[in-house]
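Below, each chain spelled out in residue letters.
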Amino acid sequence: MLPAEEITSSINGNDVLKLMASTDLKAAELLETASDKLSEKSRSPKSADDETSSLLMVENGNMAKEKWKSDCVNIRSNGKTEQTKRENAEHRLSILSLVYNPTAHPTSYLDTLINMLKGNVGCGILAMGDAFKNGGLFLSPVLTFFIGIICVYNQHVLVQCSKSVKQKLKLQHNPQFAETVELSFQSGPQRFQSYSVFFRNSVNSFIVITQLGFCCVYILFVSKSIQQVLSWYNIQLDVHLSILISMVPIMISSLIRSLKFIARLSAIANMCMLVGLVVILYYCTIDLPPLSSRSAIAHWTTIPLFFGTSIFSFEGISLVLPLEQEMKKPKQFSTAFGVLNVGMVIVTSLIVLTGFMGYLRFGDAVRGSLTLNLPEEFLLSKVVISSMMFGIICTYTLQFYVPVEILWPKVEQKFGPFRSPLLWDTGLRVILVLITFVAADVIPHLSLFISMMGAVASTFLALIFPPLCHMAVTSADDGGNGYGLFNWRLVMNCVTLVLGALGFVTGTYASVYEIFGAFQKVSVIAAVTNTTANNYTVPGVH
């Protein structure tokens, strides 16, 4: 098992953080179990704060790890008849070791900045050309920078809430995303406390939806790339058949359980994505048309599609807490020229540059991924597409690891203990892979799928949960006086919530509407084709 800091240095930081967040369900189960046991025993009266602190200490990684170590020792002493329980206890111990292992090698400013860039630059950036088509060449950069500012503000809010909750509850560990949300509501005003568990489960649910959505996008990317490459050899392949072909390597990669091996694959994937992005940007600079040839401002009905794709590209909200907690000097993370601000300026600039150049170069012909616009005659096209396909398959393995670790405890709790945990684990992985392939096959439109996932899942993680946490913590700490001069932080929270709500409703509606429109268009084309074939008469035949 890799220490958390070694994994973060090798694996895409965003994925590692989401993996960490997945264990909040296990921590919550420990908390609920401890609460039930305490309620059964008589105990001396305690203040509410003391009781809350004692319960929260159950979530401490060291205490939890000692509990599972004790389980392992006791189970081993009972002989081979307890093999199943021993394997389950060791599995839980390995997960807790991953999350709560203290940082032995803190990262520097530069290391943290590189990890942040790796975590935010992913598959979504390749769809920004299509996003700029939906927003307009000059309106899109303005909206992208505005969304970037809102995302950075929410990331600062999340860091602040995590520190506030840790200090207030005197926790011995650093709470992650889902735990921060839960404890913010739990320690907030009375009207917030009853929703703490609901919001914890909501965060984990949206993480699962987001991760499986990423996997669906990767499937469509690989299948579209297979179609593109084969078309250069005059082999026309149906989209559903290409999705079926892509299932073979992706299914094999999804069965990998070793984080050490996954980390190595992730390092290769990052290199493939970086090289591919550089080559694509180089090609976009060739034979640029005049700026006047592109729409400066798109029609208002396509703006929601732009929002969904752009918010999908800012996929690093869950990355901020582990990166900040692993730094040698954590104060350098949130300062004016800290890692968070500098990193997000670079990420936002890359997103704007890719979208602007992609739309300017290809216009309305821009595809859901800029790789699909690379022509056969371009010397590096096949190399770029092949390398990025391999990189995406490797990234699928890592993204897929997160929902498995979130859902496995639920499966184990409902159907366990298992005589063959490996068999059940394999079955869960196969079912989840099939779900992603069915979803990708039902909606085989890359750009629309990205926009829908951004509007549905990424909006909640990036724009809804952080301001709600901040409002709960601030209201509880000082009666709402921590919102700054003229309550500007409260205004920002309200603006963010309104933007998130509007983006969710309009983005989801526009994406679903366009998806239905795409299906209707395909049905009309198929009907016209069949009618033409039936009316065709072979010459000389009467």
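Everything below is about the structure shown above.
Residues numbered from 1 in each chain as written. Predicted model: local features only at pLDDT ≥ 70, side-chain atom pairs only at ≥ 80, totals over all residues. Heavy atoms only, no water.

## Considerations on the overall build of the protein chain
Along the protein chain, the regular secondary structure elements total 21 helices and 0 strands. Burial analysis of the protein chain (542 residues in total) assigns 55% to the buried set. (Helix = DSSP H or I, 4+ residues; strand = E, 2+ residues; numbered from the N terminus. Buried < 20%, exposed > 50% of the residue type's maximum accessible area, 1.4 Å probe, protein only.)

## Description of the packing of helix α13 (residues 239-254) against helix α19 (residues 421-442)
Here α13 crosses α19 at 155°, and the two axes come no closer than 11 Å. Between α13 and α19, the angle is such that the two are roughly antiparallel. In the crossing of α13 with α19, the sense of the turn from one axis to the other is right-handed. Contact residues: α13 offers His-240, Ile-243, Ser-246, Met-247, Ile-250, Met-251 and Ser-254, while α19 offers Arg-429, Val-430, Val-433, Leu-434, Phe-437, Ala-440 and Asp-441. (Axes fitted to C-alpha atoms, helices over the stretch in contact; angles between N-to-C directions. Parallel < 35°, antiparallel > 145°, perpendicular 65-115°, else oblique. Left-handed = near helix turned anticlockwise from the far one by under 90°. Contact = heavy atoms within 4.5 Å.)

## Examining the environment of Leu-113
Relative to the elements of secondary structure, Leu-113 occurs in helix α7 (residues 109-120). For Leu-113 and Gly-338, which are 225 residues apart along the polypeptide, the C-alpha to C-alpha distance reads 9.1 Å. In contact with Leu-113, not counting residues within four places along its chain, are Val-339, Val-342 and Gly-343.

## Things to note about the side chain of Ser-196
Assignment of secondary structure puts Ser-196 in helix α12 (residues 196-231). Here the side chain of Ser-196 touches Gln-193 through a polar contact of 3.1 Å, landing on its backbone oxygen. Those residues in contact with Ser-196 that sit more than four places away from it in its chain are Glu-182, Phe-185 and Gln-186. (Polar contact = N/O pair within 3.5 Å; in protein donor to acceptor, adjacent residues only side chain to side chain.)

## Structural notes on the packing of aromatic side chains
Tallied over the entire structure, the rule returns 18 aromatic pairs. Aromatic pair Tyr-396 and Phe-400: ring centres 5.8 Å apart, planes at 15°, arrangement stacked. Pair noted here: Tyr-396 and Phe-400 are both in helix α18 (residues 381-415), with a separation of 4 residues, about one helical turn. Per residue, the accessibility class of Tyr-396 equals that of Phe-400, and both read buried. For the ring pair Phe-415 and Trp-424, a centre distance of 5.7 Å and an interplane angle of 25° mean the geometry is stacked. Connected via pairs of aromatic rings, a cluster forms that spans Phe-185, Phe-192, Phe-198, Phe-199, Phe-206, Phe-460, Phe-465 and Phe-504. Residue placement shows Lys-414 over the ring face of Phe-415; its charged tip is 5.9 Å from the ring centre. (Phe/Tyr/Trp six-rings, centres within 6.5 Å; stacked < 30°, edge-to-face > 60°. Lys NZ or Arg CZ within 6 Å of the ring centre and 35° of its normal.)

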